[in-house]
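# Structural overview
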Amino acid sequence: MKLFRDTKRTGKMNKMRFISIGGVLTTLTVSMQSAPVFLPAIGLLLSPLSTLPIAIAALSNISLGLAVFFASALILVLVNVQEAVILLFTTGLLGIVLGTFLYRKGLFVSIFYSSIILSIGMILLTYIVGISAFGDFISVDSIPLTLVSYTLFSLVYVSIWTICLRKFINYLIRINVLSLNSSTKAIEFIHFK
């Protein structure tokens, strides 16, 4: 009977842990993505880092990654709609794909799928939503040039993100903040007592 009670308690702790980790990662995502609104110059450097908390969430659990992604987008709608749209089509979407594939499928698969998704997101952002991903640096009138530019940029950008994210996660594993589950290839947060 005691074992059954402990199992129930552990199940509740897992839900509570899921919610609290998701809340912290959502807060970090919203803070970084909305930085250009509150800190115009420095915020542009912080905004791309909103990929990191979503990727960490998706590395841990794909449903946690999706929860952080959508919760961040909903909160950002209240702060700045344009930043919410940018998160949905680029930085957040990249975090989901990176986190899902990095340890589960490998480095090259992660880079391949992430760069395709980021390119598609940037194209949709530019031609459907009307927000140019590169601002005025690239003329959106020349569709072939834009497509090639977005694809090359995505490949380089995602490669850098993937390598840096892998090194960062390996560092967190080495200092015992995270652990890698060998059977599921998911990242697990270490329980602190």
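Here we summarise the structure given alongside this text. For every chain, the first residue of the written sequence is number 1, and numbering continues from 1 onward in sequence order. Where totals are concerned, whole chains, interfaces and linings use all residues; where local detail is concerned, this predicted model gives features only for residues with pLDDT of at least 70, and gives and counts side-chain atom pairs only at 80 or more. Based on all heavy atoms of the structure, the side-chain values leave hydrogens and waters out of the count.

## As for the side chain of Ser114
Runs of H or I in DSSP of at least four residues are treated as helices and runs of E of at least two as strands, each being numbered from the N terminus. With respect to the helices, strands and loops of the structure, Ser114 is situated in helix α7 (residues 107–129). Each residue is placed in one exposure class: buried if its accessible area under a 1.4 Å probe, protein chains only, is under 20% of its type's maximum, exposed if it is over 50%, and partly exposed if it falls in between. Under the relative-accessibility criterion, Ser114 is labelled buried at 1%. Within the structure, the side chain of Ser114 is placed 2.7 Å from the backbone oxygen of Ser110, a separation counted as a polar contact. Residue contacts follow a heavy-atom distance rule, with two residues in contact if any of their heavy atoms lie within 4.5 Å. When near neighbours in sequence (up to four residues on either side) are disregarded, Ser114 contacts Leu94, Val97, Leu98 and Val158. Polar contacts, as counted here, are pairs of nitrogen or oxygen atoms within 3.5 Å of one another; within protein the pair requires one atom able to donate a hydrogen and one able to accept it, and residues that are adjacent in sequence qualify only if both atoms are side-chain atoms.

## As for helix α6 (residues 81–105)
For an α-helix, 3.6 residues make a turn, and residues three or four places apart therefore share a direction. A helix is expected to span 1.5 Å for every residue after the first. Helix length check: α6, at 25 residues, gives a terminal C-alpha distance of 34 Å against a target of 36 Å (1.5 Å per residue), a fit within 8%. Bend at a given residue is defined as the angle between two axes, one fitted to the seven residues that end at that position and one fitted to the seven that begin there. Of all bends in α6, the biggest is about 55 degrees, found at Leu87. Within two residues after α6, Gly106 carries a phi angle of roughly 110 degrees, on the positive side.

## Quick notes on the packing of helix α5 (residues 62–79) against α6
Orientation is described by lines fitted to C-alpha atoms, with helices fitted over the stretch in contact, and by angles between N-to-C directions that extend from 0 to 180 degrees. Relative orientation of the contacting elements α5 and α6 amounts to 170 degrees, with a least axis distance of 9 Å. Between α5 and α6, the angle falls in the class roughly antiparallel. Listed contacts from α6 to Ile62, Gly65, Leu66, Phe69, Ser72, Ala73, Leu76, Val77 and Val79 of α5 are Val81, Glu83, Ala84, Leu87, Leu88, Gly92, Leu93, Ile96, Thr100 and Arg104. For this classification, Asp, Glu, Lys and Arg are treated as charged, while Ala, Val, Leu, Ile, Met, Phe, Trp, Tyr, Cys and Pro are nonpolar and the rest, including Gly, are polar. Class assignment of the residues belonging to the contact of α5 with α6 gives a composition of 13 nonpolar, four polar and two charged. For classification purposes, an angle smaller than 35 degrees is called roughly parallel, one larger than 145 roughly antiparallel, one from 65 to 115 roughly perpendicular, and anything else oblique.

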